[in-house]
Amino acid sequence: MAIERTTPFGGINISSEAVAQVAGEAASRCYGVVGLVSRSSLEDAVSEILKIEEYLKGVYTRKRKDTYEIDLYIVVAFGVKVTEVMSEVQKNVSYTLEKTFGIPFRKVNVYVQGIKELN
């Protein structure tokens, strides 16, 4: 799903890949996030941390009326407070997307698919 935006200079189409890349990188930089995982691999989620070029599998964007929503599927590090990590991911991703694309995202839903102990 592409995001369409009209400016005084013309139309802009923002691809899902671009949104996923920006959101995935913003989420990955948050303390306590091990990485993103695919929504479809619930059983193997912890072992299949997505690489940067595969963030589209772990980030889903939906259009709701005049706003957009985004879902992120992450794995967190063992020993961190999960609610704090989720809150920080929501804030950071929302801020980064709005700053980058100039479009407000109404919801940033974060789903923790697993907890991984780091060595």
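The text that follows walks through the structure, step by step, so that each part is easy to find. (Residues numbered from 1 in each chain as written. Predicted model: local features only at pLDDT ≥ 70, side-chain atom pairs only at ≥ 80, totals over all residues. Heavy atoms only, no water.)

## Structural notes on helix α2 (residues 82-101)
Owing to its 3.6 residues per turn, the α-helix brings residues three or four apart onto one side.
So, point 1. Between its first and last C-alpha, α2 extends 28 Å over 20 residues, near the 28 Å set by a 1.5 Å rise per residue.
So, point 2. Val85, Val89, Asn92, Val93, Thr96, Leu97 and Phe101 are the residues of α2 that are buried. The buried side chains of α2 occupy one side of the element, clustering within an arc of 125° when seen end-on. Away from the buried face of α2 by more than 90 degrees, exposed residues Thr83, Lys91, Tyr95 and Lys99 are located.
So, point 3. Lining the buried residues of α2 we find β1 (3-7), β2 (10-14), α1 (16-28), β3 (33-36), β5 (67-77) and β6 (105-116). (Helix = DSSP H or I, 4+ residues; strand = E, 2+ residues; numbered from the N terminus. Expected span 1.5 Å × (residues − 1). Buried < 20%, exposed > 50% of the residue type's maximum accessible area, 1.4 Å probe, protein only. Arc of directions from axis to C-beta. Contact = heavy atoms within 4.5 Å.)

## Examining α1
So, point 1. End to end, α1 covers 18 Å across 13 residues, agreeing with the expected 18 Å (1.5 Å per residue, within 8%).
So, point 2. Residues of α1 that are buried: Ser16, Val19, Ala20, Val22, Ala23, Gly24, Ala26 and Ala27.

## What about the environment of Tyr95?
So, point 1. Mapping Tyr95 onto the fold places it in helix α2.
So, point 2. You can call Tyr95 exposed: its relative accessible area is 54%.
So, point 3. With 72 residues separating them along the chain, Tyr95 and Ala23 place their C-alpha atoms 9.8 Å apart.

## Here's the deal with the environment of Asp71
So, point 1. Considering the arrangement of structural elements, one finds Asp71 in strand β5.
So, point 2. For Asp71, a relative accessible area of 3% gives the class buried.
So, point 3. C-alpha separation for the pair Asp71 and Val93, spaced 22 residues apart in sequence, amounts to 11 Å.
So, point 4. For Asp71, the residues in contact, after removing those within four places along its chain, are Gly58, Val59, Tyr60, Arg62, Asn109 and Tyr111.
So, point 5. A distance of 2.8 Å separates polar atoms of two side chains, one belonging to Asp71 and the other to Asn109. (Polar contact = N/O pair within 3.5 Å; in protein donor to acceptor, adjacent residues only side chain to side chain.)

## Things to note about the packing of aromatic side chains
So, point 1. Taken as a whole, this structure holds three aromatic pairs when the rule is applied.
So, point 2. Ring geometry for Tyr60 against Tyr73: centres 5.7 Å apart, planes inclined by 85°, an arrangement best described as edge-to-face. Taken together, the positions of Tyr60 in strand β4 (residues 59-64) and Tyr73 in strand β5 put the pair 13 residues apart, joining distant regions of the chain.
So, point 3. Their ring planes at 45° and their centres at 6.1 Å tell us that Tyr68 and Phe105 sit as a pair that is tilted. Taken together, the positions of Tyr68 in strand β5 and Phe105 in strand β6 put the pair 37 residues apart, joining distant regions of the chain. (Phe/Tyr/Trp six-rings, centres within 6.5 Å; stacked < 30°, edge-to-face > 60°.)

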